[in-house]
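Commentary on secondary and tertiary structure
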Amino acid sequence: MKRDSGYNTKQKENLLSFLMETGDKHITVQEISTYLSNEGTPMGIATIYRQLDKLVENGLVRKYILDGKSGACYQYIGKEDGCHEHYHLKCVSCNQLIHMSCDYLSDINKHIFEHHGFSVDSSQTVFYGKCAQCSGVNAE
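Residues numbered from 1 in each chain as written. Predicted model: local features only at pLDDT ≥ 70, side-chain atom pairs only at ≥ 80, totals over all residues. Heavy atoms only, no water.

Let us now look at the confidence of the model for the protein chain. Averaged over the protein chain, the pLDDT score is 80; the fraction of residues at 70 or greater is 83%. Ranking the elements of the protein chain by mean pLDDT puts strand 5 (residues 97-100) last with 78 and helix 2 (residues 29-38) first with 92. Predicted confidence for residues 1-7 stays below pLDDT 50, and this span has seven contacts to residues more than four positions away or in other chains. (pLDDT = per-residue confidence, 0-100. Helix = DSSP H or I, 4+ residues; strand = E, 2+ residues; numbered from the N terminus. Contact = heavy atoms within 4.5 Å.)

Given below as structure tokens:
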């Protein structure tokens with residue numbers, strides 16, 4: 001297998017490395033662009049989208065489109081795709097996207113399926129509100 005050489009490879013490596021380092025955080029293309037520029041390996045926005053599409057296609061990254069107003073965000077999942085089993089919380093103040101696994105919501109999914117014949121896709125389910133930091137509340 002022929003490997004890309006030169007500057008372009010360093011950009012791709014930095015892109016993937018950044019996604020891996022961010023763990024379960026959802027990253028925007030703008031955040032990726034800023035990171036790559038700060039690393040000295042800037043990449044055009046169109047190229048970032050192409051690289052992300054390849055990573056999504058290869059099952060290393062998941063793409064989230066939360067609403068029609070904001071752009072997509074991306075998350076490194078590697079070959080272990082466990083992100084589809086939880087809900088997301090979107091802060092309307094700081095735009096943070098939070099993963100939320102909760103047995104109570106799993107019970108709601110079960111109820112909805114058993115009593116209403118509807119299967120909820122939790123990876124596409126987002127609750128909007130304010131995070132603990134923006135609302136000044138200590139979360140448990």
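Within a sheet, neighbouring strands are paired by backbone hydrogen bonds and run either parallel or antiparallel to one another. Read across the open sheet, the three strands follow the order 1-3-2; overall the sheet is antiparallel. Each edge of the sheet is formed by a strand with only one pairing partner; in this case those strands are strand 1 (27-28) and strand 2 (61-64). Here two bridges tie strand 1 to strand 3 (residues 73-76), and the two strands are oriented antiparallel to one another. Looking at strand 3, one finds that Thr28 is bridged to Cys73. Each of strand 2 and strand 3 is contacted by helix 3 (residues 45-57), which is oriented at about 115° to strand 2, the strand it contacts most. (Pairing = 2+ DSSP bridges. Axes fitted to C-alpha atoms, helices over the stretch in contact; angles between N-to-C directions.)

Here we have three strands laid out as an open sheet, ordered 5-4-6, and mixed in their pairing. Each of the sheet's edge strands pairs with one partner strand only, and the pair in question is strand 5 and strand 6 (126-129). Here the strands of the sheet are splayed against their neighbours by 25° on average, with no regard to which way each runs. Pairing of strand 4 (residues 87-91) with strand 5 involves four bridges; the strand directions are antiparallel. Looking at the pairing, Tyr87 lines up with Met100 of strand 5.

This part is about the environment of Ser93. One can find Ser93 in the loop between strand 4 and strand 5. For the pair Ser93 and Lys130, spaced 37 residues apart in the sequence, the C-alpha separation amounts to 6.3 Å. Residues within four places of Ser93 in sequence aside, it is in contact with Lys130 and Cys134.

Let's shift gears to the nonpolar core. Residues Leu19, Ile32, Leu36, Ile48, Leu52 and Leu55 are the most contacted members of the largest nonpolar core, which totals 16 residues. Among the elements of the structure, helix 1 (7-21), helix 2 and helix 3 are those that each provide at least two residues to this core. Examining the composition of this core, we find that four residues originate from one element, helix 2, more than from any other. Beyond its immediate chain neighbours, meaning those up to four positions away, Ile48 contacts Val29, Ile32, Ser33, Leu36 and Met43. (Core = buried A, V, L, I, M, F, W, Y, C linked by side-chain atoms within 4.5 Å. Buried < 20%, exposed > 50% of the residue type's maximum accessible area, 1.4 Å probe, protein only.)

A separate point is the side chain of Thr125. The topology assignment puts Thr125 in the loop between helix 4 (103-116) and strand 6. A residue is classified by how much of its surface remains accessible, and Thr125, at 18% relative accessible area, is buried. Here the side chain of Thr125 touches Asp121 through a polar contact of 2.8 Å, landing on its backbone oxygen. Once you skip the residues sitting within four places of it in the chain, Thr125 turns out to touch Tyr87, His88 and Val120. (Polar contact = N/O pair within 3.5 Å; in protein donor to acceptor, adjacent residues only side chain to side chain.)

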